[in-house]
2 protein chains.
Amino acid sequence: MLRLSKLTDYAVVVLIRLSEGERAPARCCAEDAVQTSPGIANATGVPEPTVAKVLKALAGAGLVVSQRGARGGYRLARPLSEIAVADVITAVDGPIALTACVDGGAGGCDVQSLCAVRGRWDLVNAAIREALTGITLAEMREASVPPAFRPMPDLAPRPAPAVAE
Amino acid sequence: MLRLSKLTDYAVVVLIRLSEGERAPARCCAEDAVQTSPGIANATGVPEPTVAKVLKALAGAGLVVSQRGARGGYRLARPLSEIAVADVITAVDGPIALTACVDGGAGGCDVQSLCAVRGRWDLVNAAIREALTGITLAEMREASVPPAFRPMPDLAPRPAPAVAE
DNA sequence: CGATATCCGGACCGGATCGGTACTGTATGG
DNA sequence: CCATACAGTACCGATCCGGTCCGGATATCG
């Protein structure tokens, strides 16, 4: 299923929200346009603690900068065009690795025969990583803007013989 | 982390083993070169029940054909060059979808604000699916053959500003 | 300069899904 | 007729994710 953390989804929402800045509220134009965790949570609907956790991970990865103190908050470190989906995934879910026996495989394989798979998924990992690196958050934001224009996309064409899903 | 099922890894091992056929054993050239679950399990080191489950899923997807009966077993339905990684993942782990709110999103989103993400990941899903469709098991088998030639691959170069992992 | 309120940081816990196992039924081949 | 091997179902354990709570640090306000 290629399970991707829900946290990553939240991270994208939070980052896009962070890029849009605070428009409506009464707070008249903050100097750095920092946004607080509760504010983002209120705007996005994500629970506050979860937002805080996501922001924390993002701050640790350098995607956002944190401003501590009474009037602190979070601010984007880079424009969305410079943030790839791979960066968000790496920040939230850790390094991109499909299986346990890739890249930083610490030799946790219990069966030797299985370890023959080492390096086998590297091609797939590289391909996925490249695909994820080529997509920026700005593109994702643009993609979600006109929902009426894409009622049912066919996704990617599959030259290989498709099997019953 | 892009968690990929361990079952998928096993499936690749099993399929490659299935493609290599039975060379060593005393069984003098089976008519269809069918291999039994215990045989594959013994050859690969994967527990027999797991092999059986993987084979079952693969048979359901049409990647392998099953031969019931006393001298039954499994046989590849297609050469490895015709089997894409995406097919294996789809067969074992179900359809490729990173998040719950994509493609067949049944509207399980509890928060409306979150549902604004609908369709946002479609680009990423399409890219990943395309990447996975473009890699066949034959390529993966070739990649794993010479382990000495790639002691520490750099994987994919990352044009985007790399963050601390 | 001190108090305060706010916010970041790390730690803990519950729940859910996945991985693995065992049993029984059915069909084929000897 | 019996042995073999796949197919289906059900169960159990473990790992990991998601959510929540509390403590430390900091900038503002008095």
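Numbering of residues starts from 1 in every chain and runs along the sequence as written. Whichever chain is written first becomes A and whichever ligand is written first becomes 1, with later ones labelled in order. Local features in a predicted model are, by the rule used here, given only for residues with pLDDT of at least 70; side-chain atom pairs are given and counted only at 80 or more, and totals for whole chains, interfaces and linings are based on all residues. Neither water nor hydrogens contribute to the side-chain values; these are computed over all heavy atoms in the structure.

(A) Structural view of the overall build of chain A. For chain A, the count of helices and strands is six helices and two strands. Each helix is a run of H or I in the DSSP string that is no shorter than four residues. Each strand is a run of E no shorter than two, and both are numbered from the N terminus. Moving toward the C terminus, one meets the helices and strands of chain A in the order α-α-α-β-β-α-α-α. Evaluated residue by residue, chain A yields a buried proportion of 47% over its 165 residues. A contact between two residues is defined here by any heavy atoms of the two lying within 4.5 Å. Of the contacts made within chain A by residues no fewer than 6 positions apart, 62% connect residues no fewer than 24 positions apart. Exposed residues in this analysis have more than 50% of their type's maximum accessible area, buried residues have under 20%, and partly exposed residues fall in between, with area computed by a 1.4 Å probe over protein chains only.

(B) The arrangement of the environment of Asp93(B) in detail. Residue and element names in this part refer to chain B. Residue position: Asp93 is located in helix 4 (residues 85-93). By relative accessible area, Asp93 is classed as buried at 14%. Spatially, the C-alpha atom of Asp93 lies 19 Å from that of Glu48, the residues being 45 residues apart in sequence. Of note is the side chain of Asp93, whose polar atom sits 2.8 Å from the side chain of Ser5. Here the side chain of Asp93 touches Thr8 through a polar contact of 2.9 Å, side chain to side chain. N or O atoms within 3.5 Å of each other form a polar contact, as long as, within protein, one can give a hydrogen and the other can take it, and as long as residues adjacent in sequence are counted only when both atoms are side-chain atoms.

(C) Layout of the protein's contact with DNA strand D. By convention in these notes, a residue is near a molecule or strand provided one of its non-hydrogen atoms lies within 4 Å of it. The immediate surroundings of DNA strand D are formed by 23 residues, with Lys6(A), Leu7(A), Ser66(B), Ala70(B) and Tyr74(B) found nearest. By atom count, sugar and phosphate contribute 74% of the portion of DNA strand D lying within 4 Å of the protein. Between Lys6(A) and DNA strand D, the recorded distance is 2.6 Å, taken from a backbone N or O atom to a phosphate oxygen. Measuring from a phosphate oxygen of DNA strand D, one finds a side-chain N or O atom of Ser66(B) at 2.5 Å. Of all the secondary-structure elements, those providing two or more residues to the surface near DNA strand D are helix 1 (6-20) and helix 3 (48-61) of chain A together with strand 1 (64-67) and strand 2 (73-76) of chain B.

(D) Molecular detail of the protein's contact with DNA strand C. Inspection of the region around DNA strand C gives 23 residues, with Arg3(A), Lys56(A), Tyr74(A), Ser5(B) and Arg68(B) positioned closest. In DNA strand C, atoms within 4 Å of the protein come from the sugar-phosphate backbone in 75% of cases. Here Lys6(B) contributes a backbone N or O atom positioned 3.0 Å from a phosphate oxygen of DNA strand C. Within the side chain of Arg68(B), an N or O atom sits 2.9 Å from a base oxygen of DNA strand C. Secondary structure elements with two or more residues in the surface near DNA strand C: strand 2 (73-76) of chain A together with helix 1 (6-20) and helix 3 (48-61) of chain B. Classification used: nonpolar for Ala, Val, Leu, Ile, Met, Phe, Trp, Tyr, Cys and Pro, charged for Asp, Glu, Lys and Arg, polar for all others including Gly. When the residues that make up the surface near DNA strand C are grouped by side-chain class, the tally is eight nonpolar, eight polar and seven charged.

(E) Broad picture of the packing of helix 1 of chain B against helix 3 of chain B. Residues and elements named next belong to chain B. Axis angles are defined between N-to-C directions and span 0 to 180 degrees, where every axis is a line fitted to C-alpha atoms and, for a helix, only to the segment in contact. At a minimum axis separation of 10 Å, helix 1 and helix 3 run at an interaxial angle of 80°. Relative to helix 3, the element helix 1 lies roughly perpendicular. Across the interface between the two elements, Leu7, Tyr10, Ala11, Val14, Leu15 and Leu18 of helix 1 pack against Thr50, Val51, Val54, Leu55 and Leu58 of helix 3. Looking at the contact of helix 1 with helix 3, its residues break down into ten nonpolar, one polar and no charged. In this scheme, roughly parallel covers angles under 35 degrees and roughly antiparallel covers those over 145, while 65 to 115 is roughly perpendicular and the rest are oblique.

(F) View of the confidence of the model for chain A. Residue and element names in this part refer to chain A. Each residue carries a pLDDT score, the predictor's own confidence in it, on a scale running from 0 to 100. Residues of chain A with pLDDT of at least 70 account for 64%, and the chain-wide mean is 72. Between the elements of chain A, mean pLDDT differs from a low of 81, seen in helix 6 (residues 137-144), to a high of 89, seen in helix 3. Low confidence marks residues 102-114, where pLDDT is under 50. Its contacts with residues over four positions away, or in another chain, come to 21 contacts. Under a pLDDT of 50 for its full length, residues 147-165 has, in the predicted model, 26 contacts with residues more than four places off or in other chains.

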